[in-house]
Amino acid sequence: MKTAIRKFGNSKGTIIPAALLRELQLDINDEVDAKVENGRIVIEPVHKVEYSLDQLLAQCSPEKMALDEDDKAWLDDAPVGKEVV
């Protein structure tokens, strides 16, 4: 599909036809990644993945979650300003 570069305020852009948006399941305000590859503009959908806290913690090994002495000292330290604990 042909389209033209147009002026949008101080920027320039192009209209993405509705048929292409439907095919890619994209809508207004969806994020895309734009880059140049071999002299071409490539625009790809960015699909965000949301994880629950349990899913994230399941990926952590117990060794990496262990607190070292600096961590423990920081957690046990007294407030130095207007912190509410």
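For the structure itself, consult the block above.
What counts, and at which threshold
Residues numbered from 1 in each chain as written. Predicted model: local features only at pLDDT ≥ 70, side-chain atom pairs only at ≥ 80, totals over all residues. Heavy atoms only, no water. Salt bridge = Lys/Arg side-chain N within 4 Å of Asp/Glu carboxyl O. Helix = DSSP H or I, 4+ residues; strand = E, 2+ residues; numbered from the N terminus. Buried < 20%, exposed > 50% of the residue type's maximum accessible area, 1.4 Å probe, protein only. Polar contact = N/O pair within 3.5 Å; in protein donor to acceptor, adjacent residues only side chain to side chain.

**Student:** Would you mind showing me how to read the pattern of salt bridges here?
**Tutor:** If charged atoms from side chains of opposite charge come close, those side chains can pair. In total, this model carries 5 salt bridges according to the counting rule given. Residues glutamate 31 and lysine 48 are paired through a salt bridge, measuring 3.0 Å at the closest nitrogen-oxygen approach. Taken together, the positions of glutamate 31 in the loop between α1 (18-23) and β3 (32-37) and lysine 48 in the loop between β4 (40-45) and α2 (53-58) put the pair 17 residues apart, joining distant regions of the chain. Here glutamate 31 falls in the partly exposed class, since its relative accessible area comes to 41%. Measuring nitrogen to oxygen at the nearest pair gives 3.1 Å for the salt bridge that ties lysine 35 to glutamate 44. Accessibility expressed as a relative area gives 31% for lysine 35, which makes it partly exposed. With a relative accessible area of 35%, glutamate 44 lands in the partly exposed category.

**Student:** What exactly am I supposed to notice about helix α4 (residues 69-76) here?
**Tutor:** Burial within α4 is sparse, with just 0 of its 8 residues counted as buried. Structurally, the start of α4 carries an N-cap: the backbone nitrogen of aspartate 70 is 3.1 Å from a side-chain oxygen of aspartate 68.

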